[in-house]
Amino acid sequence: MIKTKILFLGYSSFLRRRVLAALKKNKKIDYSICSKSNKKNLNNKIFYNNLDEALKKFEPDIVYISKINSLHYKFAKMILKKGYNVIVDKPVTLKIKYTKELLKIAKTKKLFFAEAVLFNYHRVFKVIKKLCGGFKNVKHIQSNFNIPFYKNPLQIKKIEGDCESDMSPYAAAIIRLFLDEKKKKINIYKDYYKKTKLVKNFNITTKSKKSSYFGNFAFQREYDQEIIFYTKDKIIYSPKRIFALPPNKNTMIILKTKNKIKKIKVKKDDCIENFFNLVLNKVKNNKYSFFYEKILQDAKIRNTIKKFN
């Protein structure tokens, strides 16, 4: 079997905790890590501290960029120009003009280019879709994603990782996935850290012809993760931790209809493993537009969020 070779650039906490754990089970993938800030460690597959050396010696099919937000654009541009397929942790860039520039390079060079927004690749959404009778029947969606994130604002500014930068990809994905008609005006309310332009939390509302959405995203609040789907006669509560479901546990959907509550068990699944399996399929068949369209749609929504003061 010829394996797909993935080079991970960076050694983030998310990469260590979730991505690498998912890939250890995948026999179709061989990976290596390039991390300038970590010593070489053969047990952890940190084989390189220099990007050029890693590209030359490992010869990856795909480079996955897992660095702080402020470095995504720089390295994605550099690696795409060198002719490599690229995946970038969310957010793919912090400005829509940068995202469009990267898409142009990828299309010109006929390269795979994707943003790693991963939550929706879990099987739980297939179950929710079936319970709704199709997402076209959803009348309203509400999401909450609050975390007790207490980093110093100076540190947040340095990495360009405030609530808006980190969480707007989730808001954009929800709108793209579940409000598939033309959206009417998006409205945003933002709360800022004192004496800065850094967003501590934001609320978003929008609607299409048949459905509406309210999203609540916040740092420095009690932990809360869920998406609630309202149809004409049902309320469907996603499992808690819906944006980061653990891969080794069964989950539970709550269905409320006619004032009765039913618990629906969903078998354990790994959204990250599913994402990479889809990536392998698209790369193998040169179907790159699938991810191009997602990146651009989400970038446009995030740009609208960003423009609100």
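Refer to the structure above for everything that follows.
These figures come from a predicted structure and were not determined experimentally.

Calculation rules
- Residues numbered from 1 in each chain as written.
- Predicted model: local features only at pLDDT ≥ 70, side-chain atom pairs only at ≥ 80, totals over all residues.
- Heavy atoms only, no water.
- Helix = DSSP H or I, 4+ residues; strand = E, 2+ residues; numbered from the N terminus.
- Buried < 20%, exposed > 50% of the residue type's maximum accessible area, 1.4 Å probe, protein only.
- Contact = heavy atoms within 4.5 Å.
- Lys, Arg positive; Asp, Glu negative; His and termini not counted.
- Charge placed at Lys NZ, Arg CZ, Asp CG, Glu CD.
- Patch = residues over 30% accessible without salt bridge, like charges linked within 9 Å, V, L, I, M, F, W, Y side chains within 5 Å.
- Areas by Shrake-Rupley, 256 points an atom, 1.4 Å probe, with all protein chains shown as cover.
- Salt bridge = Lys/Arg side-chain N within 4 Å of Asp/Glu carboxyl O.
- Pairing = 2+ DSSP bridges.
- Axes fitted to C-alpha atoms, helices over the stretch in contact; angles between N-to-C directions.

Peer 1: Run through the overall build of the protein, naming residues and quoting values.
Peer 2: Within the protein, the regular secondary structure consists of nine helices and 14 strands. Seen through its C-alpha atoms, the protein measures out along the principal axes to roughly 60 × 50 × 35 Å. The buried share among the 309 residues of the protein stands at 51%. Counting contacts in the protein only where the partners sit at least 6 residues apart, residues at least 24 apart contribute 65% of the total. Computing the positive centroid from 72 side-chain charges and the negative centroid from 24, the protein places the two 3 Å apart.

Peer 1: Go over a positive patch on the surface, please, and point to the residues and values.
Peer 2: Together, Lys129, Lys136, Lys139, Lys184, Lys207, Lys209, Lys210 and Lys232 make up a positively charged patch on the protein surface. Tracing the backbone shows Lys136 in the loop between α5 (124–132) and β7 (140–147). Classification of Lys136 by relative accessible area gives exposed; the value is 61%.

Peer 1: Got a sec to walk through the sheet that holds strand β2 (residues 29–34)? Specific residues and values, please.
Peer 2: Strand order across the open sheet formed by six strands is β3-β2-β1-β4-β5-β6, with parallel pairing between neighbours. Looking along the sheet, the strands with just one partner apiece sit at the ends: β3 (46–48) and β6 (113–116). Each strand of the sheet is rotated relative to its neighbour by a mean of 30°, with strand direction disregarded. As paired strands, strand β1 (residues 4–9) and strand β4 (residues 62–65) are joined by four bridges and run parallel to one another. In the sheet register, Phe8 faces β4, and the bridge partner there is Tyr64.

Peer 1: Can you explain the pairing of strand β9 (residues 199–207)? Please cite residues and give values.
Peer 2: Bridge count for strand β8 (residues 187–192) against β9 is six bridges, and the pairing is antiparallel. Paired with Asp191 across the two strands is Asn201, which belongs to β9. Taking the residues that link successive antiparallel strands as the turn, the β8-β9 hairpin has six residues, and the phi of Lys195 there is positive, at about 60°. What sits between the antiparallel neighbours β9 and strand β10 (residues 212–219) is a turn of four residues.

Peer 1: Quick rundown of unusual backbone geometry? Include the residues and the values.
Peer 2: Residue Pro91 is bonded to the preceding Lys90 through a cis peptide linkage, with omega at -10°. The topology assignment puts Pro91 in the loop between β5 (85–89) and α4 (96–109). Unusually for a residue other than glycine, Lys258 sits at a positive phi of about 50°. The topology assignment puts Lys258 in the loop between β13 (251–257) and β14 (260–266). Residue classification places Lys258 among the exposed positions, given a relative accessible area of 76%.

By themselves, these observations are geometric and do not establish any function.
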